[in-house]
Amino acid sequence: MFDKLRRLRRGRKPAAPSGKAASGDRARPHNLFEAAAVYVAACAEDDQDRLDEAASWVSPEALSFGVNELACRAVIALARERDESPRVVARTLLGLPSA
């Protein structure tokens, strides 16, 4: 969303909706958060091809950092939504007993 706003402010055209670069443009590289989001979604959907693709976009260390950041943000969002502590939410998601 912020990317679109920046492009509009600079007078650039937004990227093609398909996510592919317009003809003549170079494709932008994937960042670690994009790789992590695709990797986790593919894992949830049991899509091995997409898992492998996302894992090839960044280094294993960067992917690990991105997945960790995504997990933290997801737990915080669920905790706020459920009005519970992040600790309780994390333990519930993992099927662990309340501490």
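Data block above holds the structure.
Residues numbered from 1 in each chain as written. Predicted model: local features only at pLDDT ≥ 70, side-chain atom pairs only at ≥ 80, totals over all residues. Heavy atoms only, no water.

**Q** When you look at the layout of surface pockets in this model, what are you seeing that I'm missing?
**A** Left-over empty space is what a probe sized like a water molecule reveals as it rolls over the atoms. Looking at the second largest pocket, its volume works out to about 170 Å³. Along the walls of the second largest pocket sit Arg 28, Asn 31, Phe 33, Glu 34, Ala 36, Ala 37, Gly 66, Glu 69, Leu 70 and Arg 73, which together make up its complete lining. Within the residue set of the lining of the second largest pocket, elements represented by two or more residues are helix 2 (32–44) and helix 4 (60–82). Its residues placed into classes, the lining of the second largest pocket shows four nonpolar, two polar and four charged. (1 Å grid on protein atoms, 1.4 Å probe; cavity = no way out; pocket = protein on both sides within 12 Å on 5 of 7 lines; lining within 4 Å. Points joined across faces, edges and corners; volume = space filled by probe spheres on them. Helix = DSSP H or I, 4+ residues; strand = E, 2+ residues; numbered from the N terminus. Nonpolar A, V, L, I, M, F, W, Y, C, P; charged D, E, K, R; others polar.)

**Q** Is there a simple way to explain helix 2 in this structure?
**A** One turn of an α-helix holds 3.6 residues; hence residues three or four places apart share an orientation. Here helix 2 is 13 residues long and its end C-alpha atoms lie 18 Å apart, about the 18 Å a rise of 1.5 Å per residue gives. Every buried residue belonging to helix 2 is among Ala 35, Ala 36, Val 38 and Ala 42, and all of these are buried. Its buried side turned inward, helix 2 meets helix 3 (48–57) and helix 4. At the N-terminal boundary of helix 2, the capping side chain belongs to Asn 31, with an oxygen 2.9 Å from the backbone nitrogen of Phe 33. Of the residues trailing helix 2, Asp 46 is marked for its positive phi of about 55 degrees. (Expected span 1.5 Å × (residues − 1). Buried < 20%, exposed > 50% of the residue type's maximum accessible area, 1.4 Å probe, protein only. Contact = heavy atoms within 4.5 Å. Polar contact = N/O pair within 3.5 Å; in protein donor to acceptor, adjacent residues only side chain to side chain.)

**Q** Can you help me understand the packing of aromatic side chains in this one?
**A** Aromatic ring pairs are reported here in terms of the distance separating the ring centres and the angle at which the planes meet. Inspection of every chain in the model, using the stated rule, returns one aromatic pair. Here the aromatic rings of Phe 33 and Phe 65 are separated by 6.3 Å at their centres, their planes lie at 55 degrees, and the arrangement is tilted. Placement of the pair is Phe 33 in helix 2 and Phe 65 in helix 4, with a sequence separation of 32 residues. Taking the relative accessible area as the measure of exposure, Phe 65 reaches 45% and is therefore partly exposed. (Phe/Tyr/Trp six-rings, centres within 6.5 Å; stacked < 30°, edge-to-face > 60°.)

**Q** What exactly am I supposed to notice about a nonpolar patch on the surface here?
**A** The grouping of Leu 93, Leu 94 and Leu 96 at the surface amounts to a nonpolar patch, some 320 Å² of accessible area in total. According to the relative accessible area criterion, Leu 94 is exposed, its value standing at 66%. (Patch = residues over 30% accessible without salt bridge, like charges linked within 9 Å, V, L, I, M, F, W, Y side chains within 5 Å. Areas by Shrake-Rupley, 256 points an atom, 1.4 Å probe, with all protein chains shown as cover. Salt bridge = Lys/Arg side-chain N within 4 Å of Asp/Glu carboxyl O.)

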